[in-house]
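Structural features, examined
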Amino acid sequence: MQRTPWPLRLTLGSKLLAAAGLLLPQASQAASLPAMPAAPPATASQTQVAPHWRFHRDHVLGTSLDLITVGGNEATGREALAVAQAEIDRLDRVLSRYRADSELAALNQCEQMQVSEALYEVVAACEQWRTRTQGAFSARLGVALALWQDAGLSGKLDTDAIARAVAAAEAAEVKLDPNNRTITRPADVVFAPDALAKGYIIDRALQAVRNQVEGLDGLLIDIGGDIRSWGRAPHAGGWQLGVAQANQPQDNAPLVATLQLGSKAVATSGRGQRDIEINGMAHAHIVSPQTGAAVSEVSSVTVVADRAADADALSTAFAVMPAAQSLALADRLPGVATLLQLADGSQLQSAAWQGLATERNSLAPRFIHTADAATAPWPAGFTASIDYEVPKIEAENYRAPFIAIWITDQNRAIVRNLTHLGNQEKWIDSNYVWWRRYGRKIEKLDTVTKPTRKPGKYSLAWDGTDEAGRKVGQGKYLVHIEAAREHGGHTYQTFEIELGSKPLSLPQAAKDELGGVVLRYGKSA
């Protein structure tokens, strides 16, 4: 049945949502939206790096939180972090699908319920995006998603049961009463609004900081690769956001584009650490509301919008919709741009994307120079990966460690810098071994958008090239791992690896500031 176009179906509740800035209008309605907050005007001093502070936390909404403040001082930044964290925690208690004590869990246990403003806004926004995307986005899939998770544990995938679950949920009638803020939930519907709720929480956290913290000129909040920025960036020209290459879960993966943005939001959905593995085969965690099948045509979708909730919802919908329909919808929505990375390796862009992307096909950030090649060549198709964990530590004044990982030859000459987690100069030199020998050049990228990672889990890849991009060879190398924590200790460890023509796996025990480390070497997946 042909759906009535969205603007003609607006209920009182959806009009309120649109007025509140939680739904994108049609192009003809754009003038009625409240104006987005403009960045403070540029000055000559903005050719310099503005005073800014960076903060990182793991185990936030099941992933990680990065926050950048511009202006004020470090105390201002820490106040902003505390305010943002408090708002995130408050909304997690409302919207989490993984907490038995959340308000969402209570709603999913009853037929009708009067709910909080936040839960009502999220469910109503999800229902409106369901209509606007012709069913490609849906927050009704809790039963089907649970069946997928069960299949990951049991190894038995019941596609018929999943198809029946999505058909029943999508055919059901959900009733929303904006006057009383009540939601009527049919038995076949279990709400799972994750694909919009995280963006909503980011939006609300940013607004809470702006309302409560004085002295800020700019702010960026990044939760698991979904990002909202406002105001002045650390560097002239705007916020610099990298877009990770699809199917590359490593934190130092190559970039396909660099975006230069003002006050905007960015979200990326796609294949990655959240994939569901069943009998050795990885399936995307995004499923089609029409069929219940895991999406397969699109590997990664990045969306730029004015609000994180919109970018979050659209990045999921565009992973489900045929590519041509995704691009057409993006072109109709004001302030929206998208990049689709398809499973066959090709890329498609909406009309507005090209004006935002300042670089394409750029490699991951690199630093200095160089190493002599060993005698035998690096095996074709081989990659060395380093997986490590930052454990959750319950301690007063705990701060996540600043981490540097690099490769040298046996004479400790630099071959490749793999990562430096945390690039605020005040603490970079806390990694004093790395800083003294190789540091002192700090990458200007503010953050990278990519599919959500698991909390505390990090992965790096080394493709067998040195800092100049030249292939190295087989032989013995040293892996250096250094961690320094504010109000904590300093850890520096090295271990030797001999990379030859055969795969290997080399685990290292947890030590002080870090959890376990595993190096794997072999054919790329």
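Residues numbered from 1 in each chain as written. Predicted model: local features only at pLDDT ≥ 70, side-chain atom pairs only at ≥ 80, totals over all residues. Heavy atoms only, no water.

1. Remarks on the nonpolar core
Cut-off, in case you're wondering: As used in this record, nonpolar core signifies buried Ala, Val, Leu, Ile, Met, Phe, Trp, Tyr and Cys residues forming a set joined through side-chain atoms within 4.5 Å. Only protein chains enter the accessibility calculation, which uses a 1.4 Å probe. A residue is then buried if its area is under 20% of the maximum for its type, exposed if over 50%, and partly exposed in between. Note on contacts: a residue pair is in contact if any heavy atoms of the two residues lie within 4.5 Å.
Core analysis: the biggest nonpolar cluster contains 90 residues, and Leu 95, Leu 196, Ile 221 and Phe 318 have the highest contact counts within it. In contact with Phe 318, other than residues within four places in its own chain, are Val 298, Val 301, Val 303, Ser 326, Leu 329, Ala 330, Thr 338 and Leu 340. Counting residues in each nonpolar core, the second largest holds 26 residues, with Trp 378, Tyr 477, Ala 483 and Ile 497 among its members.

2. Some details on the sheet that holds strand β2 (residues 63–70)
Where we set the bar: Only strands joined by at least two bridges in the DSSP assignment are considered to pair. The helix and strand labels rest on DSSP assignments: H or I over at least four residues marks a helix, E over at least two residues marks a strand, and numbering proceeds from the N terminus. Only the stretch in contact is used when fitting a helix axis, every axis being a line fitted to C-alpha atoms; angles between N-to-C directions are given from 0 to 180 degrees.
The strand order across the open sheet formed by eight strands is β1-β2-β6-β7-β10-β13-β14-β15, and the pairing between neighbours is antiparallel. Looking at strand neighbours, the two that pair on one side only are β1 (52–60) and β15 (347–349), the edges of this open sheet. Across the sheet, the mean angle separating the axes of adjacent strands is 10° when strand polarity is ignored. Lying over the sheet, helix α7 (residues 194–212) contacts β6 (218–223) and β7 (226–231), oriented at roughly 25° with respect to β7. Contacts from helix α8 (residues 308–320) reach β7, β10 (265–270), β13 (298–305) and β14 (337–342), with the element oriented near 155° to β13.

3. Topic: the sheet that holds strand β4 (residues 175–177)
One open sheet holds the three strands; their spatial order is β3-β5-β4, and the pairing between them is antiparallel. One side of each edge strand has no neighbouring strand; the edge strands of this open sheet are β3 (112–114) and β4. On average, each strand axis in the sheet is tilted by 10° relative to the strand beside it, whichever way the strands run. Of the strands in this sheet, β4 and β5 (182–184) touch helix α4 (residues 117–132), which is tilted by about 135° from β4.

4. Some details on the pattern of salt bridges
Defined as follows: Salt bridge, as used here, is a side-chain nitrogen of Lys or Arg placed within 4 Å of a carboxyl oxygen of Asp or Glu.
Under the counting rule described, the total for this entry stands at 16 salt bridges. Asp 203 is the partner of Arg 228 in a salt bridge, and the nearest nitrogen-oxygen pair spans 2.6 Å. Here Arg 228 is found in strand β7, whereas its partner Asp 203 is found in helix α7, with 25 residues between them in sequence. Residue class for Arg 228 comes out buried when judged on its relative accessible area of 8%. Shared partners join several salt bridges into a network, and the residues in it are Asp 92, Arg 99 and Asp 101.

5. A look at the packing of helix α5 (residues 142–154) against helix α6 (residues 159–171)
For the record, the criterion: When describing relative orientation, an angle under 35 degrees is termed roughly parallel and one over 145 degrees roughly antiparallel, while 65 to 115 degrees is termed roughly perpendicular and anything else oblique. Whether a crossing is left-handed or right-handed is set by the direction in which the near helix is turned from the far one by less than a right angle, anticlockwise for left-handed and clockwise for right-handed. Residues are grouped as follows: Ala, Val, Leu, Ile, Met, Phe, Trp, Tyr, Cys and Pro are nonpolar; Asp, Glu, Lys and Arg are charged; all remaining types, including Gly, are polar.
At their nearest, the axes of α5 and α6 sit 8 Å apart, and the two run at 165° to each other. Between α5 and α6, the angle is such that the two are roughly antiparallel. Between α5 and α6 lies a crossing of left-handed hand. Facing α5, whose interface residues are Val 143, Ala 144, Leu 147 and Trp 148, α6 presents Ala 161, Ile 162, Ala 165 and Val 166. When grouped by side-chain class, the residues that make up the contact of α5 with α6 number eight nonpolar, no polar and no charged.

6. A closer look at α4
Condition: In this analysis, the expected span of each helix is defined as 1.5 Å times one less than the number of residues it contains.
Between the first and last C-alpha of α4 there are 22 Å, a value that for 16 residues agrees with the 22 Å anticipated at 1.5 Å per step. Just past α4, the residue Gln 134 takes up positive phi, approximately 55°.

7. Details of the environment of Leu 342
Here Leu 342 shows up in strand β14. Each C-alpha atom of the pair Leu 342 and Ala 323 lies 8.8 Å from the other, and the pair is 19 residues apart in sequence. Setting aside anything within four residues of it in sequence, one finds Leu 342 in contact with Glu 297, Val 298, Ser 299 and Leu 348.

8. Describing the confidence of the model for the chain
Stated formally: As a per-residue measure, pLDDT reflects the predictor's confidence and takes values from 0 up to 100.
The pLDDT averaged across the chain works out to 81; a share of 77% of its residues lies at or above 70. Every residue in residues 25–46 scores below 50 in pLDDT, and together they form 36 contacts with partners more than four places removed in sequence or on other chains. Across residues 423–432 the pLDDT falls below 50, and counting only partners more than four positions away or on other chains, this stretch makes 30 contacts in the model.

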